[in-house]
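Observations on the three-dimensional arrangement
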Amino acid sequence: MDTDADGEQIPRIRAVAGGTAKLLPDIDRERAWLLTLDGAPQSYVDLDAPEHLEFEYARRVGHLLDVAAPHGAPLDVLHLGGGALTLPRYLAATRPGSRQRVAEPDAELTAFVVEHLPLPEGAGIEVEAVDGRALLESAPDGSADVLLADVYGGSRVPAHLTTLPYAREAARVLRPGGSYVANLADAAPFSFLASQLATAAAVFEQLALVAEPAVLRGRRFGNILLLASHDEQPLSELARRCSADPFPARVEHGAALERFTRGVRPVDDGDAVPSPEPPDGAFSIG
């Protein structure tokens with residue numbers, strides 16, 4: 001990474017397929033960087049401490065990954081969406097030996113990221129310049145412990161990653177005990193979130209949501225994690241960890257989700273729409 005005359009890290013900017021990508025240094029952490037795309041924060045990486053997760057939703061995913069298997073045991077993970085590869089780096093640091101495939105269709109973005117924020121040698125992270133659903137459909141049956149979908153076209157989840165055929169593919173690639181995790185965004189009246197819960201419920205037996213209480217109560221737009229699996233997950237431990245964060249989150253499951261899904265049908269490919277457009281300033285920086 002280039003520095004100025006005083007030895008300070010300086011921002012890097014590059015035009016990529018998805019827009020204008022910037023890597024902005026964090027003045028409080030010597031080798032930490034924020035990736036933005038057209039002004040919207042995408043990823044945060046600390047090269048000296050890849051286990052540090054700055055974004056609130058990323059910390060919640062980190063908690064889920066931490067409780068997904070015994071401490072330090074490697075996982076096989078499919079990531080739909082790459083960005084600066086924050087969560088793949090986290091897993092490589094906390095669960096060495098994990099095998100990870102990442103779908104990031106913007107090859108120019110990946111090249112920009114790995115040029116300035118190189119992956120550790122032997123990290124076990126394979127980035128493929130393909131659409132997330134295409135990678136999912138090509139994956140073998142029962143090949144993943146975790147499927148993590150964190151895909152945004154601009155600031156919206158693409159429609160083709162919201163449907164019943166997509167959810168069936170997700171279920172197909174998971175091993176027994178595996179879990180599907182989707183980073184969604186919505187606000188009251190939660191039409192999009194309800195459609196995603198109904199779609200997942202048509203395929204998976206166990207569902208949960210993780211988000212800040214203010215988001216779940218409909219007071220503001222924000223990130224909501226959807227967790228889905230065939231088998232019971234360690235939700236009590238997940239809830240304990242999420243409640244201890246600087247910005248605590250709540251885990252809702254079981255009957256608490258009925259208020260979202262009552263009367264809502266799963267989404268077919270022909271009826272799919274992207275997630276709602278965030279309000280101005282919801283996910284942007286100055």
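Structure: above.
In this report, we go over the structure that sits alongside the text. Chains are numbered independently. Their residues run from 1 in the order of the written sequence. With the structure being a predicted model, the display of local features is reserved for residues of pLDDT at least 70 and the display and counting of side-chain atom pairs for 80 or more, all residues being used for whole-chain, interface and lining totals. To obtain the side-chain values, all non-hydrogen atoms of the structure were used and water was disregarded.

Remark: a regular strand shows side chains that alternate across the two faces of the sheet. Of the strand pairs in this sheet, strand 1 (residues 12–16) and strand 2 (residues 19–25) are connected by five bridges, and their pairing is antiparallel. Opposite V16, over in strand 2, you have G19 as the bridge partner. Counted between consecutive antiparallel strands, the loop separating strand 1 from strand 2 contains two residues. The criterion for strand pairing is that DSSP finds at least two bridges linking the strands in question. Helix and strand assignments follow DSSP, with helices taken as H or I runs no shorter than four residues and strands as E runs no shorter than two, numbered in order from the N terminus. Sheet topology places strand 2 next to strand 3 (residues 32–37); five bridges connect them, and they run antiparallel. When the bridges of strand 3 are listed, A21 appears paired with L37. In textbook terms, the turn of a hairpin is the stretch between consecutive antiparallel strands, and for strand 2 and strand 3 this stretch comprises six residues.

Reading across the sheet, the four strands line up as 1-2-3-4 and stay open at both edges, with antiparallel pairing between neighbours. With one partner strand each, in any of the chains shown, strand 1 and strand 4 (40–46) form the two edges of the open sheet. Each strand axis lies, on average, 20 degrees off the axis of its neighbour in the sheet, ignoring direction. Two residues qualify as a contact provided that any one of their heavy atoms is within 4.5 Å of a heavy atom in the partner residue. In this description, a line fitted to the C-alpha atoms serves as the axis of each element, helices being fitted only across the stretch in contact, and the angle between N-to-C directions of two axes falls anywhere from 0 to 180 degrees. Packed on one face of the sheet, helix 3 (residues 107–116) meets strand 1, strand 2 and strand 3 and runs near 160 degrees to strand 1.

Here the focus is the pattern of salt bridges. The term salt bridge refers to a side-chain nitrogen of Lys or Arg lying within 4 Å of a carboxyl oxygen of Asp or Glu. Per the stated rule, a full pass over the model turns up 20 salt bridges. The closest approach of N and O atoms between R31 and D48, which form a salt bridge, is 2.7 Å. You can see R31 sitting in the loop between strand 2 and strand 3 and its partner D48 sitting in the loop between strand 4 and helix 1 (56–67), a full 17 residues away along the chain. Burial classes: relative accessible area under 20% of the type maximum marks a residue as buried, over 50% as exposed, and values in between as partly exposed (1.4 Å probe, protein chains only). Classification of R31 as partly exposed rests on a relative accessible area of 35%.

Buried Ala, Val, Leu, Ile, Met, Phe, Trp, Tyr and Cys residues that are joined via side-chain atoms within 4.5 Å together make up what is termed a nonpolar core. Counting 39 residues, the largest nonpolar core has L147, Y180, F204 and L209 as the members making the most contacts within it. For this core, the element with the most residues is helix 5 (residues 164–173), which contributes six residues. In this structure F204 touches A167, A170, A171, L174, Y180, A228, S229 and H230, once residues within four positions along its chain are discounted.

A separate point is the packing of aromatic side chains. Planes of paired rings set the category: under 30 degrees apart is stacked, over 60 is edge-to-face and the rest tilted, where pairs are Phe, Tyr or Trp rings (Trp by its six-membered ring) whose centres lie within 6.5 Å. Enumeration over the complete set of coordinates arrives at four aromatic pairs. Plain terms: the ring middles of F55 and Y57 are 6.4 Å apart, the flat faces sit at 40 degrees to each other, and that makes the pair tilted. With a relative accessible area of 12%, Y57 lands in the buried category. Centre to centre, the rings of Y166 and Y180 are 6.1 Å apart; their planes meet at 75 degrees, and the pair counts as edge-to-face. One end of the pair, Y166, is in helix 5; the other, Y180, is in strand 9 (residues 174–186), with 14 residues separating them in the sequence. Per residue, the accessibility class of Y166 equals that of Y180, and both read buried. In textbook terms, an aromatic cluster arises when at least three aromatic residues are bridged by ring pairs, as seen for Y166, Y180 and F204.

Here we come to the environment of D131. Position of D131 among the secondary structure elements: in the loop between strand 7 (125–128) and helix 4 (132–138). With residues near it in sequence (within four places) discarded, D131 still touches A103, P105 and H160.

Turning to the packing of helix 1 against helix 2 (residues 86–94), a few remarks are in order. For any two helices packed against each other, one specifies the inter-axial angle together with the distance between the axes. For the pair helix 1 and helix 2, interaxial distance at closest approach is 11 Å and the crossing angle is 35 degrees. Crossing of helix 1 against helix 2: the hand is right-handed. For the pair formed by helix 1 and helix 2, the contact residues are A58, V61, G62, L65 and D66 on the first element and L87, Y90 and L91 on the second. For any pair of crossing helices, the crossing counts as left-handed if the nearer helix is rotated counterclockwise from the farther one by less than a right angle, and right-handed if it is rotated clockwise.

A separate point is the sheet that holds strand 6 (residues 99–103). Sheet architecture is open: eight strands sit in the order 7-6-5-8-9-11-10-12, paired in mixed fashion. Unpaired on one side and paired on the other, strand 7 and strand 12 (250–253) mark the two borders of the sheet. Ignoring which end each strand starts from, the neighbouring axes of this sheet average 15 degrees apart. Bridge analysis of strand 6 against strand 7 gives four bridges, and the strand direction is parallel. When the sheet's bridge partners are listed, Q100 is paired in strand 7 with I125.

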